[in-house]
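Examining the three-dimensional arrangement
Next come the chains, spelled out residue by residue.
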Amino acid sequence: MASPHEGHGSPVASSVVSTETNPTDLTEAAFAGFDLIVVGSGFFGLTVAERAASQLDKRVLVLERREHIGGNAYSEPEPETGIEVHRYGAHLFHTSNKRVWDYVNQFTDFTNYQHRVFAKYQGQVYTFPMNLHLINQFFGKSHSPDEARALIADQASEIDTKDAQNLEEKAVSLIGRPLYEAFVRGYTAKQWQTDPKELSASIITRLPVRYNFNNRYFNDTYEGLPVDGYTAWLKRMADHPNIEVRLNVDYFAVRDLVPHGTPTVYTGPLDRYFDYREGRLGWRTLDFEQEVVATGDYQGTSVMNYNDIEVPYTRIHEFRHFHPERDYPEDKTVIVREYSRFASDDDEPYYPINTAEDRAKLESYRELARKEARERNVLFGGRLGTYKYLDMHMAIGSALSMFDNKIAPHLTEGAPLDGSIDA
């Protein structure tokens, strides 16, 4: 657990986040006097805002289209039980980047939670990721690490990795057909709504198998959950007199009111910013089905994967298990079933699909982004703004780098903004 810091348990000033009830009434005066505009209040945007405010004494305006701060990391207590639920899917903080770890510990203490996942297949529950325990249980025999390696290598020899033409063949070439059929085929088909035979082999580069009994999901140096929850953490990042957050404001409805040349960090969808002129980028999205169940413990763990193709959801979260140290009800629990599908135009984008067609469009958007930085002082960041899948620690690390290398030199020395988006 991180060392406690003064103020972490204190209430967050409610004046930090102001809700604009009628954003269409905003005028140019509402955007005057700010040194930096940040579009989006997720981890990337708030990291940039906090650094500019606290390190450079600059005034920052954060615009958020939702009714709450925090982007997809937003969490809230379920009203009936008080159990903290992550509204947009489970968020597990982990990193081996000491700079990121030291930075986030300014705003929250962390529990000693270590994430462990289990997978259900044909009525049996297995540890996951695939490890020596899973191999022994699945094949009904005790194997030494060397014996298990030899077993999987023999099964994987069915297909040479370099000859794999699709995801199924690539997976079989890495872990063998029995483990693929049980733990990859059905889950992948549900995630992508596509038969793995029709998916590109490039989607997977490796399928890790541990030849020991380690069942920690992550191997990072630092891991835990914020003691007071994600929303409290995010609000503390914005709790600075130089930061103003406006909720329920669609940037595209007001961007013409922003004074020309005001440095702006945009963290929304990259293609949306440019009115989809190079075409829409492909995303997967998630749907969630939440239920309060009349039991003190529904599944005995925080996350259970469902690998059978016949089960429509990919996994069930039981949020009480993320915080066993809390005093939650003993007769009720909250579960959330998660479903994966391709995103339609009106859906929340979660994961970039990144097909060859998407990558061609992305290169065109990257060139537009470079031009936008030169002409309008706009930078693009975060998962949506770069069309990259970024874990929380990666988003924070990327924001710190953007601040150091681009924003701070611009705000202090007038250096031109580099609008390049890393490939």
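Residues numbered from 1 in each chain as written. Predicted model: local features only at pLDDT ≥ 70, side-chain atom pairs only at ≥ 80, totals over all residues. Heavy atoms only, no water.

The protein chain goes by UDP-galactopyranose mutase in an unreviewed UniProt entry, where it is assigned to Saccharomonospora marina XMU15. Under the UniProt heading Subunit (unreviewed entry), the entry covering the protein chain gives this text: "Homotetramer." (UniProt positions renumbered as here; feature names shortened; annotations may be inferred.)

Before going further, it helps to spend a moment on the packing of aromatic side chains. In total, this model carries 36 aromatic pairs according to the counting rule given. Look at F93 and W101: their rings are 6.3 Å apart centre to centre, the planes differ by 25°, and that puts the pair in the stacked class. Under the relative-accessibility criterion, F93 is labelled buried at 0%. Between F110 and W233, the ring centres sit 5.4 Å apart and the planes meet at 80°, which makes this aromatic pair edge-to-face. Pair noted here: F110 is in the loop between α2 (98–104) and β7 (117–121) and W233 is in helix α7 (residues 230–238), with a separation of 123 residues, a long-range link. In this structure F110 comes out as buried when scored by relative accessible area, which is 0%. (Phe/Tyr/Trp six-rings, centres within 6.5 Å; stacked < 30°, edge-to-face > 60°. Buried < 20%, exposed > 50% of the residue type's maximum accessible area, 1.4 Å probe, protein only. Helix = DSSP H or I, 4+ residues; strand = E, 2+ residues; numbered from the N terminus.)

All right, on to the sheet that holds strand β15 (residues 333–342) then. On the basis of which strands lie adjacent, the open sheet formed by seven strands has the order β8-β7-β13-β14-β15-β12-β16 and mixed pairing. The open sheet is flanked by β8 (124–128) and β16 (351–352), the only strands paired with a single partner. Here helix α3 (residues 132–139) sits on the sheet and contacts β7 and β8; the angle it forms with β8, its principal contact strand, is near 155°. (Pairing = 2+ DSSP bridges. Contact = heavy atoms within 4.5 Å. Axes fitted to C-alpha atoms, helices over the stretch in contact; angles between N-to-C directions.)

Axis separation between helix α5 (residues 167–175) and helix α6 (residues 177–192) bottoms out at 9 Å; the angle between their running directions is 140°. Classed by the angle they form, the pair α5 and α6 counts as oblique. Read as a crossing pair, α5 and α6 show a hand that is right-handed. Of the residues in α6, those in contact with L167, E168, A171, V172 and I175 of α5 are R177, L179, Y180, V184, R185 and T188. Looking at the contact of α5 with α6 residue by residue, the class counts come to seven nonpolar, one polar and three charged. (Parallel < 35°, antiparallel > 145°, perpendicular 65-115°, else oblique. Left-handed = near helix turned anticlockwise from the far one by under 90°. Nonpolar A, V, L, I, M, F, W, Y, C, P; charged D, E, K, R; others polar.)

This paragraph deals with the nonpolar core. Soluble globular proteins tend to bury their nonpolar side chains together. In terms of nonpolar packing, the biggest core is built from 108 residues, with F93 and W233 touching the most fellow members. Top element by residues in this core is helix α12 (residues 392–413). It accounts for nine residues. Judged by nonpolar contacts, the second largest core, of seven residues, contains M304, Y306, V311 and I335. (Core = buried A, V, L, I, M, F, W, Y, C linked by side-chain atoms within 4.5 Å.)

With eight of nine residues buried, α7 lies mostly within the body of the structure. The complete set of buried residues in α7 reads Y230, T231, A232, W233, L234, R236, M237 and A238.

The geometry of α3 relative to α6 is characterised by a closest axis approach of 12 Å and an angle of 100° between their N-to-C directions. By the angle between their axes, α3 is roughly perpendicular relative to α6. Only P178, L179, A182 and F183 of α6 make contact with α3, whose side of the interface consists of L134, F138 and F139. Residues that form the contact of α3 with α6 fall into these classes: seven nonpolar, no polar and no charged.

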